[in-house]
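Listed here are the chains, written in short residue letters.
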Amino acid sequence: MSMLTQQRHEAILRQLQEKGAVSVAELTEQLNTSESTIRRDLLALDRMGKLHRVHGGATQTNRQFLQSEDNIEEKISKNMAEKRLIAQYAAEQIQPGDFVFLDAGSTTLLMIDYLKPDDVAFVTNGVVHARELARRGFHVYILGGELKAVTEAVVGLAAAQNLNSYNFSKAFIGTNGISAKYGYTTPDTDEAFLKSAAIDRSFVSYVLADSSKFGKVSTVTFGTLNSSAIITDHLPDQRYAEQTVVKVVGE
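Cut-offs and rules
Residues numbered from 1 in each chain as written. Predicted model: local features only at pLDDT ≥ 70, side-chain atom pairs only at ≥ 80, totals over all residues. Heavy atoms only, no water. Pairing = 2+ DSSP bridges. Helix = DSSP H or I, 4+ residues; strand = E, 2+ residues; numbered from the N terminus. Axes fitted to C-alpha atoms, helices over the stretch in contact; angles between N-to-C directions. Phe/Tyr/Trp six-rings, centres within 6.5 Å; stacked < 30°, edge-to-face > 60°. Buried < 20%, exposed > 50% of the residue type's maximum accessible area, 1.4 Å probe, protein only. Expected span 1.5 Å × (residues − 1). Arc of directions from axis to C-beta. Core = buried A, V, L, I, M, F, W, Y, C linked by side-chain atoms within 4.5 Å. Contact = heavy atoms within 4.5 Å. Salt bridge = Lys/Arg side-chain N within 4 Å of Asp/Glu carboxyl O.

A few words now on the sheet that holds strand S12 (residues 183-186). Ordered by their spatial adjacency, three strands build an open sheet running S11-S12-S15, and the pairing between neighbours is antiparallel. The open sheet has two edge strands, strand S11 (177-179) and strand S15 (220-223), and neither has a second partner. Neighbour-to-neighbour, the strand axes of the sheet open up by a mean angle of 40°, direction not taken into account. Sheet analysis places S11 next to S12, joined by three bridges and oriented antiparallel. From the neighbouring strand, isoleucine 178 faces S12, where its bridge partner is tyrosine 184.

This is the structure in structure tokens:
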């Protein structure tokens, strides 16, 4: 396969990730090529099982809609090298005097390894996060509320009411999916409500996401793309950078 063909294929699959379906006409215009070329591309991708060719275009064979969630140990084990790069850069954004919300999540947990015990206070809804921050000598508050067993995160109305007492200089938020259309998403309604509240109560917020999260959509949206900056290891589509600040680390 030539590089030009591969680039077209990647562009077609990116479009499908975001939209779920594409037409020959719009691909012809966007990729500045002929309809016959696009039809050949769609046929080839269909034979590879990467899309489903239909009359006039194509649809996704398996739109990446996330309905379940891994536990914290499973999350940490995935894309570890990328998460560590993101966590290190995120930790470097914290300055003495900051009052920080640290969301429950695998990448936010890795941030703690790179924090320096300066004059910084933390609020977190992560039980493991609170324990590690306290062990490292930080001033830490943990939100009260319902404990979610899978992710060991404190969620629910009581936690959200508790959170609304604070004003943060910075917030670091985990996400299950990032979509240009649906924004930042997570499977749990109570957790989404808490993430959204933390973003609203923060002067600046960062969503930490390795590149596997792009193009994925989960049940509940907790923020539009422009509500937070993104820290990632790789940006698969520059359109995200047109809607918010994106810092790519490790490239």
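The next subject is the packing of aromatic side chains. Throughout the structure, instances matching the rule amount to nine aromatic pairs. Considering the side-chain rings of phenylalanine 122 and phenylalanine 138, the 5.3 Å spacing of their centres and the 85° angle between planes classify their relative orientation as edge-to-face. With phenylalanine 122 in strand S6 (residues 121-124) and phenylalanine 138 in the loop between helix H7 (127-135) and strand S7 (139-142), this pair connects stretches of sequence that are 16 residues apart. We classify phenylalanine 138 as buried; its relative accessible area is 7%. Here the aromatic rings of phenylalanine 172 and tyrosine 206 are separated by 5.1 Å at their centres, their planes lie at 10°, and the arrangement is stacked. Remark: tyrosine 206 occurs in strand S13 (residues 202-208) and phenylalanine 172 occurs in strand S10 (residues 168-174); sequence separation between them is 34 residues.

It is worth spelling out the pairing of S13 at this point. Of all seven residues that make up S13, five are buried, and the element is covered over most of its length. Of the strand pairs in this sheet, S10 and S13 are connected by six bridges, and their pairing is parallel. Residue phenylalanine 168 lies in a different strand from S13, and its bridge partner there is serine 202. Pairing of S13 with strand S16 (residues 229-232) involves three bridges; the strand directions are parallel. Pairing of leucine 208 across the sheet is with isoleucine 231, part of S16.

Next up on the list: helix H3 (residues 35-47). Given a rise of 1.5 Å per residue, 13 residues ought to cover 18 Å, and the 18 Å separating the end C-alpha atoms of H3 matches this to within 8%. Of the residues making up H3, those classed as buried are Thr37, Ile38, Asp41, Leu42 and Leu45. Burial along H3 is one-sided: seen end-on, the buried residues are contained in an arc of 135°. The exposed set on the far side of H3, more than 90 degrees from its buried face, consists of Arg40 and Arg47. Positive phi appears at glycine 49, one or two residues downstream of H3, with a value of about 80°.

A general tendency of soluble globular proteins is for nonpolar side chains to be buried together. By size, the foremost hydrophobic cluster in this structure holds 27 residues, and its most contacted members are Phe101, Leu143, Leu163, Ile173, Ile178 and Tyr184. In terms of residue count, helix H9 (residues 189-200) provides more of this core than any other element does, five residues in total. If near-sequence neighbours (up to four positions away) are discounted, phenylalanine 101 is found in contact with Val123, Thr124, Asn125, Leu143, Leu163, Phe168, Lys170, Ala171, Phe172, Ile173 and Ala198. If you look at the next biggest cluster of nonpolar residues, it comprises 23 residues, including Ala90, Ile112, Phe138 and Val249.

With that settled, consider the sheet that holds strand S3 (residues 57-59). One open sheet accounts for three strands, arranged S1-S3-S2; its pairing is antiparallel. In the strand order of this sheet, the two ends are held by strand S1 (21-23) and strand S2 (52-54), each with one partner. Each neighbouring strand pair of the sheet contributes to a mean axis angle of 20°, computed without reference to strand direction. Note: S2 against S3, three bridges, orientation antiparallel. Paired with histidine 52 across the strands is threonine 59, a residue of S3. Contacting S1 and S3, helix H2 (residues 24-31) crosses the sheet at an angle of about 75° to S1. Along the sheet, H3 makes contact with S2 and S3, crossing S2 at roughly 140°.

Here the focus is the pattern of salt bridges. Summed over all chains, the structure comprises 10 salt bridges. Note that arginine 8 and aspartate 41 form a salt bridge whose closest N and O atoms lie 2.6 Å from each other. Placement of arginine 8 in helix H1 (residues 3-19) and of aspartate 41 in helix H3 is noted, with a sequence separation of 33 residues between them. Among the ionic contacts, a cluster of salt bridges with common partners joins Arg14, Asp237 and Arg239.

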